[in-house]
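One letter stands for each residue in the lines below.
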Amino acid sequence: MDVLLLSRLQFALATFFHFLFVPLTLGLSVLLAYMEWKYVKTGDKEYLRMVKFWGRLFVINFAIGIVTGITLEFQFGTNWSRYSEYVGDIFGSLLAIEATVAFFVESTFIGVWIFGWKRLSKKMHAWCITIVAIASNVSAYWILAANAWMQHPVGYTIRNGRAELTDFLAVITQKGAIMAFMHTVSAAFILAGFFVMGVSAYHLLKKQHISFFTRSFSIALTFALVFSIFEVVQGHFNGNMIAEIQPAKLAAADAHWETQTNAPQALFVIPDEKNERNLVELIKIPGMLSMLAFNNPNAEVKGLLDFPRDERPPVLITFVAFRTMVGLGFLFPMLTIIGFLIRKKLREYPLYLKVMLFAIPLPYIAIELGWTVAEVGRQPWIVYGIMKTADAVSPIALSQVVTSFFGFLVLYTVLGIANFTLLVKLARKGPDILEGVTEKREVTV
Amino acid sequence: METIWFVLWGVLWAAYFVLDGYDLGAGVLMPFIARDEADRKKIYNAIGPFWDGNEVWLIVAGGVTFAAFPGTYATMFSALYSVLMLILFALILRGAGLALREEAEKQSHRAFWDWFFIIGSFIAALLLGVAFANFFKGIPIDAEGIFHGNLFTLLNPYGLAGGLLFLTFFLTHGAIWLTFKTEGELHDKAMNYAGRLWVILVVLSVIFLIATAFATDIYRNYLNSPVLFVLPLLAVAGLLLTGIYIKQVDWKKAWFASAGYFFFVTLFGVVGMYPALLPSSLNPAFSRTIHNSASSPLTLKIMLVVALIFVPLAIIYQAWAYKVFSGKVGGEHSGYHEGV
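Residues numbered from 1 in each chain as written. Chains lettered and ligands numbered in written order. Predicted model: local features only at pLDDT ≥ 70, side-chain atom pairs only at ≥ 80, totals over all residues. Heavy atoms only, no water.

## Focus on the overall build of chain B
Rules: Starting at the N terminus, helices and strands are each numbered in turn, a helix being any DSSP run of H or I of at least four residues and a strand any DSSP run of E of at least two. Atoms considered for the radius of gyration are the C-alpha atoms alone. The globule rule reads 2.2 Å times the number of residues to the power 0.38. Exposed residues in this analysis have more than 50% of their type's maximum accessible area, buried residues have under 20%, and partly exposed residues fall in between, with area computed by a 1.4 Å probe over protein chains only. Any pair of residues with heavy atoms lying within 4.5 Å of one another is described as a contacting pair. Note on areas: Shrake-Rupley, 1.4 Å probe, and residue coverage restricted to the protein chains presented here.
Scanning chain B for helices and strands turns up 13 helices and two strands. For 340 residues, the compact-globule estimate of 2.2 N^0.38 gives 20 Å, and chain B sits close to it at 20 Å. If you line up chain B on its principal axes, its C-alpha atoms span 60 × 40 × 40 Å. Looking at chain B as a whole, 65% of its 340 residues qualify as buried. When contacts within chain B are restricted to residue pairs at least 6 apart in sequence, long-range pairs at least 24 apart make up 80% of them. Of the roughly 11700 Å² of accessible surface on chain B, 72% is carried by carbon and sulfur atoms.

## Notes on the overall build of chain A
Definition in use: Residues counted as positive are Lys and Arg, residues counted as negative are Asp and Glu, and His and the chain ends are not counted. Charged side chains are reduced to one point each, which is NZ for Lys, CZ for Arg, CG for Asp and CD for Glu.
Helix and strand counts for chain A stand at 16 helices and eight strands. Computed over the C-alpha atoms, the radius of gyration of chain A is 23 Å, within 12% of the 22 Å expected from 2.2 N^0.38 for a compact globule of 445 residues. Principal axes of the C-alpha set define a box for chain A whose edges measure 65 × 50 × 40 Å. Long-range pairs, those at least 24 residues apart, make up 78% of the contacts in chain A with a sequence separation of at least 6. Positive and negative side-chain charges in chain A, numbering 38 and 31 respectively, have mean positions lying 13 Å apart.

## A word on the pattern of salt bridges
Once the charged atoms of two side chains with opposite charge are near each other, the side chains can pair. Note the cut-off: Each salt bridge in this description consists of a side-chain nitrogen of Lys or Arg and a carboxyl oxygen of Asp or Glu lying within 4 Å of one another.
Scanning the entire structure with this criterion turns up 27 salt bridges over all chains. Among the ionic pairs, A:Arg162 bridges to A:Glu164, the shortest N-O distance being 2.9 Å. Overall, A:Arg162 belongs to the buried group, its relative accessible area being 12%. Of the charged contacts in the structure, one is a salt bridge between B:Arg94 and B:Glu55, with a shortest N-O distance of 2.6 Å. With B:Arg94 in helix H5 (residues 81-101) and B:Glu55 in helix H3 (residues 51-68), this residue pair connects regions lying 39 residues apart in the sequence. In this pair, the class of B:Arg94 matches that of B:Glu55, namely buried. Salt bridges sharing common partners tie together B:Glu37, B:Arg40, B:Lys41, B:Arg101, B:Glu102, B:Arg110 and B:Asp114.

## Re the side chain of B:Asn156
All names here are of chain B. Applied cut-off: For the purposes of these results, a polar contact is taken to be a pair of N or O atoms within 3.5 Å, where, inside protein, one atom must be able to donate a hydrogen and its partner to accept one; residues adjacent in sequence count only when each atom of the pair is a side-chain atom.
Summarising the element assignment, asparagine 156 is placed in the loop between helix H7 (151-154) and helix H8 (157-181). Reaching out from asparagine 156, the side chain makes a polar contact with the backbone oxygen of threonine 153 at a distance of 2.9 Å. Excluding residues that lie within four positions of it along the chain, asparagine 156 makes contacts with Asn134 and Lys137.

## A short note on the nonpolar core
Short version of the rule: Joining through side-chain atoms within 4.5 Å is the link that ties buried Ala, Val, Leu, Ile, Met, Phe, Trp, Tyr and Cys residues into a set, and such a set is a nonpolar core.
In this structure, A:Trp54, A:Tyr83, A:Trp113, A:Phe217 and B:Trp5 are the most contacted members of the largest nonpolar core, which totals 263 residues. Setting aside residues up to four positions removed in sequence, A:Tyr83 forms contacts with A:Phe76, A:Gly88, A:Phe91, A:Met150, A:Ile382, A:Val383, A:Met387 and A:Ala392. Residues A:Ala251, A:Ala252, A:Trp257 and A:Ala266 belong to the second largest nonpolar core, which totals nine residues.

## Thoughts on the packing of helix H1 (residues 2-33) of chain B against helix H12 (residues 251-273) of chain B
Residues and elements named next belong to chain B. Condition: Whenever a helix is involved, its axis is fitted only over the stretch in contact; in every case the axis is a line through C-alpha atoms, and angles between N-to-C directions fall within 0 to 180 degrees. Crossings are assigned a handedness: left-handed for a near helix turned anticlockwise from the far helix by less than a right angle, right-handed for a clockwise turn. Three classes are used, and their members are as follows: Ala, Val, Leu, Ile, Met, Phe, Trp, Tyr, Cys and Pro are nonpolar, Asp, Glu, Lys and Arg are charged, and the others, Gly among them, are polar.
Two numbers describe how H1 lies on H12: the axes approach to 9 Å, and their chain directions differ by 145°. Handedness of the crossing formed by H1 with H12: right-handed. Residues Phe6, Trp9, Gly10, Val11, Ala14, Ala15, Phe17, Val18, Leu19 and Tyr22 of H1 form the contact with H12, whose own contacting residues are Trp255, Ala259, Phe262, Phe263, Thr266, Leu267, Val270, Val271 and Met273. Here the contact of H1 with H12 is composed, by residue class, of 17 nonpolar, two polar and no charged.

## Considering the interface of chain B and chain A
Under the convention used in this document: The term buried area means the drop in 1.4 Å probe accessible area that two parts suffer when joined, counted for both and summed.
Listed per partner, the contact involves 78 residues of chain B and 88 residues of chain A. The junction of chain B with chain A conceals about 7200 Å² of combined surface from both sides, 71% of it contributed by carbon and sulfur atoms. The residue B:Glu103 makes a salt bridge to A:Arg56 at a minimum N-O spacing of 2.8 Å. Linking chain B with chain A are 19 residue pairs in polar contact (both at pLDDT 80 or more), by the criterion used here. At the level of secondary structure, the elements contributing two or more residues to the side of chain B that touches chain A comprise helix H2 (37-47), H3, helix H4 (70-79), H5, helix H6 (107-137) and helix H13 (297-324) of chain B. Broken down by class, the residue content of the side of chain B that touches chain A amounts to 45 nonpolar, 21 polar and twelve charged.

## Here's the deal with the environment of B:Ser326
Tracing the chain through its elements places B:Ser326 in the segment after H13. As for B:Ser326 and B:Lys181, which are separated by 145 residues in sequence, their C-alpha atoms are 8.2 Å apart. Beyond its immediate sequence surroundings of up to four residues, B:Ser326 is in contact with A:Arg119 and B:Lys181.

## Examining helix H2 (residues 22-42) of chain A
To be explicit about the condition: Here the expected length of a helix is defined as 1.5 Å per residue gap, with one fewer gap than residues.
Its 21 residues give H2(A) an end-to-end C-alpha distance of 30 Å, which sits within 8% of 30 Å, the value for a rise of 1.5 Å per residue. Looking one or two places after H2(A), you find A:Gly43, whose phi comes out positive at around 75°.

## Considering the pairing of strand S2 (residues 162-165) of chain A
Residue and element names in this part refer to chain A. The test is simple: In this analysis, strands are considered paired if DSSP registers two or more bridges between them.
A two-sided burial pattern is seen for S2, the buried positions comprising Arg162 and Glu164 on one face and Ala163 and Leu165 on the other. Note that strand S1 (residues 156-159) and S2 share four bridges and pair antiparallel. Looking at the pairing, threonine 157 lines up with glutamate 164 of S2.

## Structural notes on the pairing of strand S5 (residues 277-285) of chain A
All names here are of chain A. One ladder, built from seven bridges, connects strand S4 (residues 265-272) with S5; its direction is antiparallel. The residue bridging isoleucine 270 from the neighbouring strand is valine 280, located in S5. Between S4 and S5, which pair antiparallel and follow one another directly, the connecting turn spans four residues, one of which, glutamate 276, has a positive phi of 55°.

## A look at the packing of aromatic side chains
Our working rule: Centre distance within 6.5 Å is the pairing criterion for rings of Phe, Tyr and Trp, where only the six-membered ring of Trp is used; planes under 30 degrees apart are then read as stacked, over 60 as edge-to-face, and the remainder as tilted. For a lysine, the NZ atom is tested; for an arginine, the CZ atom; a charge sits over a ring if that atom is within 6 Å of the ring centre and within 35 degrees of the ring normal.
If you walk through the whole model with that rule in mind, you get 74 aromatic pairs over all chains. A centroid spacing of 5.6 Å and a plane angle of 75° characterise the contact between A:Phe19 and A:Trp371, whose relative ring orientation is edge-to-face. Here A:Trp371 lies in helix H14 (residues 361-376) and A:Phe19 lies in the loop between helix H1 (3-18) and H2, a separation of 352 residues in the sequence. Comparing A:Phe19 with A:Trp371 shows no difference in burial state: the two are buried. Ring plane angle 75° and centroid distance 4.8 Å describe the contact between A:Phe104 and B:Trp57, whose orientation is recorded as edge-to-face. With one member in each of two chains, A:Phe104 in helix H5 (residues 91-115) and B:Trp57 in helix H3 form a pair that bridges those chains. In this pair, the class of A:Phe104 matches that of B:Trp57, namely buried. Above the face of the A:Tyr47 ring, A:Arg215 is positioned so that its terminal group lies 4.4 Å from the ring centre. The ring of A:Phe307 has A:Lys302 lying over it, and the distance from NZ or CZ to the ring centre is 4.4 Å.

## Describing unusual backbone geometry
Cis peptide bonds are those with omega within 30 degrees of zero, and the linkage from A:Gln379 to A:Pro380 qualifies with 5°. In this structure, A:Pro380 sits in the loop between H14 and strand S7 (381-383). Between B:Tyr274 and the following residue, B:Pro275, the backbone shows a cis peptide bond with an omega angle of 0°. As for its placement among the helices and strands, B:Pro275 is situated in the loop between H12 and strand S1 (276-278). Despite not being glycine, A:Asn160 shows a phi value in the positive range, around 50°.

## A few points about the confidence of the model for chain B
Heads up, the condition is: For every residue, the predictor assigns a confidence score, pLDDT, that lies between 0 and 100.
Summarising the model, chain B shows a mean pLDDT of 90, and 99% of its residues fall at 70 or more. Looking over chain B, one finds the lowest element-wise mean pLDDT in H7(B), namely 84, and the highest in H8(B), namely 94.

## Re H1(A)
Under the convention used in this document: It is the directions from the helix axis to the C-beta atoms whose arc is reported.
Between the first and last C-alpha of H1(A) there are 22 Å, a value that for 16 residues agrees with the 22 Å anticipated at 1.5 Å per step. For H1(A), every residue scored as buried is listed here: A:Val3, A:Leu6, A:Ser7, A:Gln10, A:Phe11, A:Ala14, A:Phe17 and A:His18. The arc that holds every buried residue of H1(A), seen down its axis, measures 140°, which confines them to one face. On its buried side, H1(A) packs onto H2, helix H3 (45-79) and helix H15 (398-429) of chain A together with H5 of chain B.

## Overview of the side chain of A:Asn240
With respect to the element layout, A:Asn240 can be found in helix H9 (residues 210-245). With near-sequence residues (within four places) excluded, A:Asn240 lies in contact with A:Leu292, A:Ala293, A:Phe294 and A:Asn295.

In structure tokens, the structure reads:
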């Protein structure tokens with residue numbers, strides 16, 4: 001173990017953990033805003049109960065997301081100080097803008113929304129969650145633009161021994177930022193949709209709160225349907241972009257070793273990283289990889305062997321993560337299309353409801369794997385082509401990182417268990433929690 | 001331009017201390033003044049809608065350090081690795097405690113999360129002070145920004161004095177806030193604490209001002225341009241006014257006065273460091289300053305536009321949020337627990 005490896009593990013831990021909470025926040029805030037405006041427009045109390053029930057789950061999730069996000073911002077300084085100094089001119093400003101422009105708004109209005117039920121007009125209250133939904137998604141854009149810059153640095157020049165900004169607009173409007181935003185936010189919306197559908201399915205299976213959960217299910221279904229189809233199409237263009245700007249990542253994601261035109265895609269592959277080949281390649285479709293990467297079956301796809309060994313990302317992790325993510329990515333629209341076809345008589349299909357209940361974790365897995373492809377696939381670079389991860393780490397003592405790593409591990413385990421048992425408990429109780437809670441407590445005012 | 005950013009940098013940190021200060025202080029006070037669940041609930045309701053928005057000032061202050069002075073950001077947080085990690089853990093404990101206590105059904109579970117909240121608040125308050133006092137004093141960093149010391153290097157007498165000063169200010173500020181926002185026995189207790197804590201705060205402030213003369217170089221800038229002495233004078237005025245308003249039981253004014261006091265205490269220290277943001281105690285040439293750690297003029301310009309538009313905007317909507325929740329809080333269930 002050295003400072004570099006442990007710092008990477010610590011960052012991975014902190015990011016993976018943080019990202020268990022972010023996508024639900026991004027997606028559920030939009031659904032909540034929709035439900036609350038429905039309530040304002042129709043006056044139907046069931047929508048209000050829906051906002052309160054899903055809102056309660058949202059609030060818990062949001063709080064843990066916030067507290068675990070702060071550590072990420074500061075870890076660039078603590079563990080990656082050389083990186084921070086080298087690219088802070090660009091990367092730092094994107095993070096700062098995110099906090100100033102979006103995060104401020106989000107955190108202020110969430111407080112007003114949570115506590116303001118009795119103090120605001122219905123409309124004003126609905127505006128609060130709408131603002132939260134917009135601000136969290138705007139926030140995502142800035143963060144993803146920062147990450148996109150690490151994947152594909154643009155609008156900079158190397159001056160005074162560091163990367164300096166030359167074209168701000170190029171940085172924030174580059175294709176990678178827009179693509180990553182669409183990809184990540186759609187994924188988050190799918191996750192939130194599956195979350196609501198899964199919990200609803202549980203209650204529909206139990207034959208309780210039928211109207212409440214049928215309605216919740218159908219709102220989430222429409223939402224997830226649209227974005228899961230969009231994600232497949234967008235994912236393809238995302239792949240085209242990777243092929244163009246990060247050929248090594250594409251090659252690793254497909255375990256593609258030899259540069260060739262008319263490159264085939266095998267459906268089943270076992271990569272053998274050590275011997276720079278694939279142990280097994282079954283069911284090859286000729287020209288398919290060229291087609292997927294460049295929309296042209298005759299295009300040349302650069303293989304891993306044409307990259308120096310020390311500029312190749314870890315193949316096995318990238319490959320497995322990518323394949324699984326893509327597989328899940330195709331599964332989601334299939335599940336939502338089936339749901340759409342049987343939407344009028346969901347309760348007659350308990351098997352489907354059961355599948356949807358157990359599908360709750362799948363988008364979480366897909367999202368974490370997506371980040372694995374993005375980040376592991378960028379290695380050995382921290383900023384593609386200009387700075388290696390190994391040169392980015394802070395000059396700090398190993399003992400410090402060991403201590404903080406285990407601190408994170410313990411703390412996040414406790415929080416993770418507390419959070420998810422709580423969510424499961426509340427989700428199982430259903431809208432009963434809205435009435436049940438007051439009586440249980442001994443309150444003296 | 002670098003100087004404008006230097007001042008903004010100080011102002012953002014000062015705003016963070018003033019805002020998050022009272023809710024962290026309220027957290028530390030909880031075991032001393034809350035007698036039962038209803039009291040704890042009142043404390044929770046008094047800070048619940050705000051703490052999240054307050055904490056963002058830290059994110060913004062940190063983010064601005066990164067954006068405007070990346071060299072300082074890199075050195076500051078890697079040099080103070082252990083302290084910063086402890087502060088981050090403490091803030092996680094605090095936030096998680098606040099969020100999860102509300103969901104606990106059993107008293108014992110609630111108590112468990114309350115201790116997260118209390119201990120988190122305490123550690124964050126103390127260590128923020130230790131960190132900043134060490135900045136004022138200078139830390140052993142070499143030309144490469146490598147830190148020659150450990151956690152205990154920072155726990156020197158002056159660093160600890162800073163920790164105590166911050167903690168006492170947060171407590172006083174929190175006690176004033178709770179007095180302002182609550183009624184009944186809790187109000188009376190918080191009021192007693194506010195009065196007594198203020199006396200300690202005066203004593204500590206005097207000690208800190210004197211110690212600063214011996215332990216740091218802060219006064220040099222003031223002796224060179226005496227007009228700057230207006231900053232510590234404003235701090236002193238804030239402190240005295242706090243005492244006067246506490247006597248007059250005018251809690252709103254007392255809160256603003258104590259906010260003003262600490263705002264200027266922070267600026268007093270920060271301006272004293274100018275042009276350094278992170279002085280080196282080994283050799284002034286190794287200090288991270290506005291000259292050797294600032295971003296490019298283009299970045300500074302863009303960031304300035306962003307800050308000048310969005311920070312005032314944030315102040316406006318945060319002020320609105322405070323207005324929405326004006327008035328005394330009770331011990332009732334709030335937010336997602338008040339039923340439909």
